[in-house]
There are 2 protein chains.
Amino acid sequence: MSERFVRQLEELHVELITMGSLCEKAISLSAKAIQGEGGMTLIGKIFETEKEIDAQEREIENLCMKLLLHEHPVAGDLRSISAALKMISDMERIGDQAADIADLSKHIEDKAVTGDIINIRKMAEDTVRMVTESIDAFVKGDLELCRKVIDDDDKVDDAFNDIKEKLAEVLNNGKPDASIGLDILMAAKYFERIGDHAVNIAEWVEYSITGNHRSGSSHTDNYFVEE
Amino acid sequence: MSERFVRQLEELHVELITMGSLCEKAISLSAKAIQGEGGMTLIGKIFETEKEIDAQEREIENLCMKLLLHEHPVAGDLRSISAALKMISDMERIGDQAADIADLSKHIEDKAVTGDIINIRKMAEDTVRMVTESIDAFVKGDLELCRKVIDDDDKVDDAFNDIKEKLAEVLNNGKPDASIGLDILMAAKYFERIGDHAVNIAEWVEYSITGNHRSGSSHTDNYFVEE
């Protein structure tokens, strides 16, 4: 393995950690926004962070393609790079979803609803942790941590179902206004999707370590067979 | 261009059309399911179609990677293949969303709500047409058709907002039960997301024809620069 290749692989790790941190920031800020903190300044910050995430995706995509095309990596290194390409696409979508939550926050005037009646903060914290841990798992090659993230998704799914039930209950009692209730449901759904993306990331990390992906296909291994 | 390469590019077109048809089928069936037709048999068919879409994605992914790695395409051909790789990822998500709608259909017992009070069918028809036209645009290299699909997304977004408003109104009047209302909102949201994926597909087709992507990055063109 050339010195340049080793250096570029290290650079890839650093760039992925940076992209992961941006995602964590976007999720945390969007949880605050939906609970009525920060007003339009905070919402603006979330949109900025989303743009930084998009730029970071392009940066990493370029780095990976250069590595693939010029260094001809094999086995574990090839899997790492293929996994990174898939992971950034999930991280980019996490950024989109944080921006979608920020958008919804503009319309929720009765902020007390999200703070007191429906507690969305726990769900947001769980997804932030899942994203952090999935990137950590990649950098450290930690299979156990991958599996923890994959298992933790049940908690987020349960939280979404609880919020949905609770919302149906309060809406049937005529409080809050249904349009706010519908917005809160959408926000909870975005957090649930963020959890799904963290699981996708963890599954790609698992693939980069073991060579097996849970979807059952061996993915990129097929592409690079010699003719 | 080798004869084999021409043949494989034609095969790629055929495979993409097949994947597009599977998506149209999945969307149409899920629109029926959410309106109370077909019961569990129909829901089962949607899940089967989703699996076929996933298998088709892997098939096309393999074909594209073989083309990239063994034929070393340049310029327009390279862009076509890169665009195809991005398009199938959007089509795969369309399949997921159709399956999500099928899942929701199981819980909506008061089917009359979706048929009479909230008409989701028009929204579904619009998204089916958008998907068909975006694949058509790829095969024919039709830039005008791409732009039509991109413009049509406004209709789907408006339809989602109308459904949301209408739902808030009927929920505030205490009919239907809020939990059904929340499920209908989720289904409408999935159709709206399908429209977004059709737009993504059309934008990649536009890129494959013009070399410019609306996101502002020149994407894959960067990767293949000579060192």
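Treat the numbers as computed from the prediction; the structure is a model and nothing was measured. (Residues numbered from 1 in each chain as written. Chains lettered and ligands numbered in written order. Predicted model: local features only at pLDDT ≥ 70, side-chain atom pairs only at ≥ 80, totals over all residues. Heavy atoms only, no water.)

**Overview of the interface of chain B and chain A**
With 35 residues of chain B in contact, the opposing surface of chain A contributes 35 residues. Here chain B packs against chain A, burying approximately 3,200 Å² in sum over the two surfaces, 56% of which is carbon and sulfur. Where chain B touches chain A, the interface holds four salt bridges. Where Asp183(A) meets Lys164(B), a salt bridge forms, and the shortest distance between an N and an O atom there is 2.4 Å. Linking chain B with chain A are 10 residue pairs in polar contact (both at pLDDT 80 or more), by the criterion used here. (Contact = heavy atoms within 4.5 Å. Buried area = accessible area lost by both parts, 1.4 Å probe. Salt bridge = Lys/Arg side-chain N within 4 Å of Asp/Glu carboxyl O. Polar contact = N/O pair within 3.5 Å; in protein donor to acceptor, adjacent residues only side chain to side chain.)

**Some thoughts on helix H7 (residues 178–210) of chain A**
Residues and elements named next belong to chain A. For H7, built from 33 residues, the straight-helix expectation of 48 Å at 1.5 Å per residue is met to within 8% by its first-to-last C-alpha distance of 48 Å. Of all 33 residues in H7, 28 are buried, a share of seventy percent or more. In the stretch just after H7, Gly 211 is the one whose phi turns positive, near 85°. (Helix = DSSP H or I, 4+ residues; strand = E, 2+ residues; numbered from the N terminus. Expected span 1.5 Å × (residues − 1). Buried < 20%, exposed > 50% of the residue type's maximum accessible area, 1.4 Å probe, protein only.)

**A closer look at the pattern of salt bridges**
Taken as a whole and assessed by the stated rule, the structure comprises 32 salt bridges over all chains. Ionic pairing is found between Glu61(A) and Lys86(B), a salt bridge with its closest N-O pair at 2.9 Å. A residue pair is termed interchain when its members come from two chains, as with Glu61(A) in helix H2 (residues 39–71) and Lys86(B) in helix H3 (residues 75–107). Under the relative-accessibility criterion, Glu61(A) is labelled buried at 8%. One salt-bridge network, in which partners are shared between bridges, spans Lys122(A), Asp126(A), Arg129(A), Glu133(A), Lys148(A), Asp152(A) and Lys155(A).

**Some remarks on the relation of the copies chain B and chain A**
With an RMSD of 0.0 Å, chain B superimposes on chain A once it is rotated by 180° and translated 0.0 Å along the axis. Here the symmetry operator amounts to a two-fold rotation axis. For chain B, the minimum C-alpha distance to the rotation axis belongs to Leu182(B) and amounts to 3.4 Å. (Least-squares fit on C-alpha atoms with pLDDT ≥ 70 in both.)

**Remarks on the UniProt feature "domain: PhoU" (unreviewed entry) in chain A**
Feature annotation in UniProt places "domain: PhoU" (unreviewed entry) on residues 17–103 and 120–205 of chain A, given in this structure's numbering. End-to-end, the C-alpha atoms of residues 17–103 of chain A are 26 Å apart, and along that stretch the chain is 92% helix and 0% strand. (UniProt positions renumbered as here; feature names shortened; annotations may be inferred.)

**Some words on the packing of helix H1 (residues 3–34) of chain B against helix H7 (residues 178–210) of chain B**
Residue and element names in this part refer to chain B. Packing of H1 against H7 leaves a shortest axis separation of 12 Å and a crossing angle of 165°. Taken together, the axes of H1 and H7 are roughly antiparallel relative to one another. For the pair H1 and H7, the crossing hand works out as left-handed. Contacts between H1 and H7 involve Ile 27, Ser 30, Ala 31 and Ile 34 from the former and Ala 187, Phe 191 and Ile 194 from the latter. Counted by class, the contact of H1 with H7 contains six nonpolar, one polar and no charged residues. (Axes fitted to C-alpha atoms, helices over the stretch in contact; angles between N-to-C directions. Parallel < 35°, antiparallel > 145°, perpendicular 65-115°, else oblique. Left-handed = near helix turned anticlockwise from the far one by under 90°. Nonpolar A, V, L, I, M, F, W, Y, C, P; charged D, E, K, R; others polar.)

**As for a negative patch on the surface**
Residue and element names in this part refer to chain A. Negative charge collects at one region of the surface, where Asp 151, Asp 154, Asp 158, Asp 162, Glu 165 and Glu 169 lie side by side. Tracing the backbone shows Glu 169 in helix H6 (residues 143–172). Overall, the relative accessible area of 47% leaves Glu 169 in the partly exposed class. (Patch = residues over 30% accessible without salt bridge, like charges linked within 9 Å, V, L, I, M, F, W, Y side chains within 5 Å. Areas by Shrake-Rupley, 256 points an atom, 1.4 Å probe, with all protein chains shown as cover. Lys, Arg positive; Asp, Glu negative; His and termini not counted. Charge placed at Lys NZ, Arg CZ, Asp CG, Glu CD.)

**Some details on the packing of aromatic side chains**
Residue and element names in this part refer to chain B. Across all of its chains, the model carries two aromatic pairs over all chains by this definition. Measuring from centroid to centroid gives 5.4 Å for Trp 204 and Tyr 207, while their planes differ by 85°, and the two rings are edge-to-face. Taken together, the residues Trp 204 and Tyr 207, both in helix H7 and three residues apart, mark about one turn of the helix. Here Trp 204 matches Tyr 207 in class, with each residue buried. A cation over a ring is seen here: Lys 189 above Phe 160, with NZ or CZ 5.1 Å from the ring centre. (Phe/Tyr/Trp six-rings, centres within 6.5 Å; stacked < 30°, edge-to-face > 60°. Lys NZ or Arg CZ within 6 Å of the ring centre and 35° of its normal.)

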